[in-house]
Amino acid sequence: MPLSQPTGRQPIHVRRIECRGFRRDDGLWDIEGHLVDTRSHDIDLRAEPRIVKAGEPIHEMWVRITVDDDLTVRAIEAATEATPTRICPGAIAPMQSLVGLRIAPGWTNAVKQRLGGAKGCTHLMELMWPLATTAHQTVSGSRMDRILAPAQPGQRPAKIDSCWAYAAEREIVKRFWPAFHTGDRAG
């Protein structure tokens, strides 16, 4: 591990999230996410009541969003294999409220508005953040010409200053958009 040596500690909780992107035969994109929470010790789920053994999933959930080239959610499907209570799967239905939303600025707030608090499942909602990033990464290859091009000739491309690598003073901006390059500052 490239991190520094940690102080002595005991393992407690593991959350694993895996996201995958797929190009569909119909031209749309499927983005799938899988979330699994486990503990290193048995836990007593008093709301049921029942014991979840160490290493067994407390949460195991799946989400598939289908998006178009503009990252508009065309369909969504969710499933739960492990939940802390028997009523948790009832939170799957509200996921349909995301159909029609576009993964773009404002996505996080729109998802929270539709699924936050008692409206949905916190874990399914939180899976929407890495799914959104995975959707961008998956679809970006086919969208790269649009991403790199300004909306109008002479207009500053939106990609500039969207992250560290695309900062206005960096080499990438100098290469693709020299008119918008702000200079060779350190970094």
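Placed above this text is the structure.
Residues numbered from 1 in each chain as written. Predicted model: local features only at pLDDT ≥ 70, side-chain atom pairs only at ≥ 80, totals over all residues. Heavy atoms only, no water.

Here's the deal with the side chain of Glu48
Piece 1. Here Glu48 is to be found in the loop between strand 3 (43-45) and strand 4 (50-52).
Piece 2. Among the polar contacts made by the side chain of Glu48, one reaches the main-chain amide nitrogen of Arg86 at a distance of 2.8 Å.
Piece 3. Not counting residues up to four positions away in its chain, the partners in contact with Glu48 are Pro84, Thr85 and Arg86. (Helix = DSSP H or I, 4+ residues; strand = E, 2+ residues; numbered from the N terminus. Polar contact = N/O pair within 3.5 Å; in protein donor to acceptor, adjacent residues only side chain to side chain. Contact = heavy atoms within 4.5 Å.)

Description of the nonpolar core
Piece 1. Within the largest apolar cluster, 29 residues are counted, with the highest numbers of intra-cluster contacts made by Val63, Val67, Met95 and Met128.
Piece 2. Ignoring anything within four residues of it in the chain, the contact list for Met95 reads Val63, Ile76, Ala78, Leu115, Leu124 and Met128.
Piece 3. If you look at the next biggest cluster of nonpolar residues, it comprises 5 residues, including Ile160, Tyr166, Val173 and Trp177. (Core = buried A, V, L, I, M, F, W, Y, C linked by side-chain atoms within 4.5 Å. Buried < 20%, exposed > 50% of the residue type's maximum accessible area, 1.4 Å probe, protein only.)

Concerning the pairing of strand 5 (residues 57-67)
Piece 1. Within strand 5, 8 of the 11 residues are buried, which leaves it mostly tucked inside the rest of the structure.
Piece 2. Here strand 2 (residues 29-39) runs beside strand 5; their pairing, made up of 10 bridges, is antiparallel. Among the inter-strand pairings, Thr38 is bridged to a residue of strand 5, identified as Pro57.
Piece 3. Across 8 bridges, the pairing between strand 5 and strand 6 (residues 73-82) is antiparallel. Within the sheet, the bridge partner assigned to Arg64 lies in strand 6 and is Glu77. (Pairing = 2+ DSSP bridges.)

A word on helix 1 (residues 107-115)
Piece 1. Listing the buried residues of helix 1 in full gives Trp107, Ala110, Val111 and Leu115. The buried side chains of helix 1 occupy one side of the element, clustering within an arc of 110 degrees when seen end-on. Exposed and facing more than 90 degrees away from the buried side of helix 1 are Asn109 and Gln113.
Piece 2. Downstream of helix 1 by one or two residues, Gly117 has phi in the positive range, about 60 degrees. (Arc of directions from axis to C-beta.)

Some words on the sheet that holds strand 1 (residues 13-23)
Backbone hydrogen bonds are what pair the strands of a sheet, in a parallel or an antiparallel way.
Piece 1. Sheet architecture is open: 4 strands sit in the order 1-2-5-6, paired in antiparallel fashion. At either end of the open sheet lies a strand with only one pairing partner, and these are strand 1 and strand 6. Each strand axis lies, on average, 10 degrees off the axis of its neighbour in the sheet, ignoring direction. (Axes fitted to C-alpha atoms, helices over the stretch in contact; angles between N-to-C directions.)

Some remarks on the pattern of salt bridges
Pairing is possible between side chains of opposite charge, provided their charged atoms come close.
Piece 1. Within this structure, the stated rule accounts for 14 salt bridges.
Piece 2. Arg23 serves as the salt-bridge partner of Asp69, at 3.5 Å between the closest nitrogen and oxygen. Residue Asp69 is found in the loop between strand 5 and strand 6, and its partner Arg23 is found in strand 1; the two are separated by 46 residues along the sequence.
Piece 3. Residues Asp68 and Arg74 are paired through a salt bridge, measuring 3.7 Å at the closest nitrogen-oxygen approach. (Salt bridge = Lys/Arg side-chain N within 4 Å of Asp/Glu carboxyl O.)

What about the pairing of strand 2?
Piece 1. Within strand 2, 9 of the 11 residues are buried, leaving the element largely enclosed by the surrounding structure.
Piece 2. Across 11 bridges, strand 1 lies against strand 2 in antiparallel orientation. By the bridge assignment for strand 2, Glu18 is matched with His34.
Piece 3. A loop of 5 residues connects strand 1 with strand 2, the two strands running antiparallel in sequence, and Gly27 in this loop sits at a positive phi of about 95 degrees.

Considerations on the packing of aromatic side chains
Piece 1. Overall, the coordinates contain 2 aromatic pairs when judged by the stated rule.
Piece 2. Where Tyr166 meets Trp177, the ring centres are 6.2 Å apart and the plane angle is 50 degrees; that geometry is what we call tilted. With a gap of 11 residues between them, Tyr166 in the loop between helix 3 (128-148) and helix 4 (171-176) and Trp177 in the segment after helix 4 connect regions that are remote in the sequence. Each member of the pair, Tyr166 together with Trp177, is buried.
Piece 3. Note on Phe176 and Trp177: the rings are 5.7 Å apart at their centroids and 50 degrees apart in plane angle, and the pair reads as tilted.
Piece 4. The class for Phe176 is partly exposed, based on a relative accessible area of 39%.
Piece 5. What links up through ring pairs into an aromatic cluster is the set Tyr166, Phe176 and Trp177.
Piece 6. If you follow Lys159 out to its NZ or CZ, it ends over the ring of Tyr166, 4.7 Å from the centre. (Phe/Tyr/Trp six-rings, centres within 6.5 Å; stacked < 30°, edge-to-face > 60°. Lys NZ or Arg CZ within 6 Å of the ring centre and 35° of its normal.)

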